[in-house]
Amino acid sequence: MTKPSIAMAADHAGVTLKNMLAGHLRHAGYPVEDLGTHDGESVDYPDYGRALADHVATGKAQFGVAVCGSGIGISIAANRNPAVRAALVSTTEAAELARQHNDANILALGARLIDPETARACLDRFLATAFEGGRHARRVDKLAGTP
């Protein structure tokens, strides 16, 4: 079975965590596209959140991982795209529920608020969980503005 493609983006505060998670994914056999940033020089998280959202929304990647200092700003930027459901999580349970109930297609993490082991566990759980559908499908459709 082919593993889903993953696009990743981060600002300067999230680049170290993004790079660690990208290595983890590649080691596990996932195709990964790194949209940047690539160093610690200050950049604007909305630019990276938007680029990641566009990548996922157009189908260039099946899932995305967004990282900034808190995870809040980059998730807000990504969620401006109506085809995106970016979920900011800090626990594996939240990562699972984001996929199961909300069909989240972007996992957002706050590099200053989560340790690397927990971030890796959240990512693994996110990717291992399928959307449950059923009663949740109607609600997810409403997130995109579909009645």
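About the criteria used
Residues numbered from 1 in each chain as written. Predicted model: local features only at pLDDT ≥ 70, side-chain atom pairs only at ≥ 80, totals over all residues. Heavy atoms only, no water. Patch = residues over 30% accessible without salt bridge, like charges linked within 9 Å, V, L, I, M, F, W, Y side chains within 5 Å. Areas by Shrake-Rupley, 256 points an atom, 1.4 Å probe, with all protein chains shown as cover. Salt bridge = Lys/Arg side-chain N within 4 Å of Asp/Glu carboxyl O. Buried < 20%, exposed > 50% of the residue type's maximum accessible area, 1.4 Å probe, protein only. Pairing = 2+ DSSP bridges. Helix = DSSP H or I, 4+ residues; strand = E, 2+ residues; numbered from the N terminus. Axes fitted to C-alpha atoms, helices over the stretch in contact; angles between N-to-C directions. Contact = heavy atoms within 4.5 Å.

**Q** Is there a simple way to explain a nonpolar patch on the surface in this structure?
**A** Taken together, I72, I76 and L88 make up a surface patch of nonpolar side chains, about 260 Å² in accessible area. Note on I76: relative accessible area 45%, which makes it partly exposed.

**Q** It is not clear to me how the sheet that holds strand β5 (residues 106–110) should be interpreted in this structure. Could you clarify?
**A** The pairing of strands in a sheet happens through backbone hydrogen bonds and is either parallel or antiparallel. Strand order in the open sheet made by the five strands is β2-β1-β3-β5-β4, with parallel pairing throughout. In the strand order of this sheet, the two ends are held by β2 (32–34) and β4 (86–88), each with one partner. Sheet twist, expressed as the mean angle between neighbouring strand axes with direction ignored, is 20°. Pairing between β4 and β5: three bridges, direction parallel. Bridged to A86 within β5 is I106. Helix-sheet contacts for helix α1 (residues 15–27) involve β1 (6–10), β2, β3 (63–68) and β5, and the interaxial angle to β1 is about 165°.

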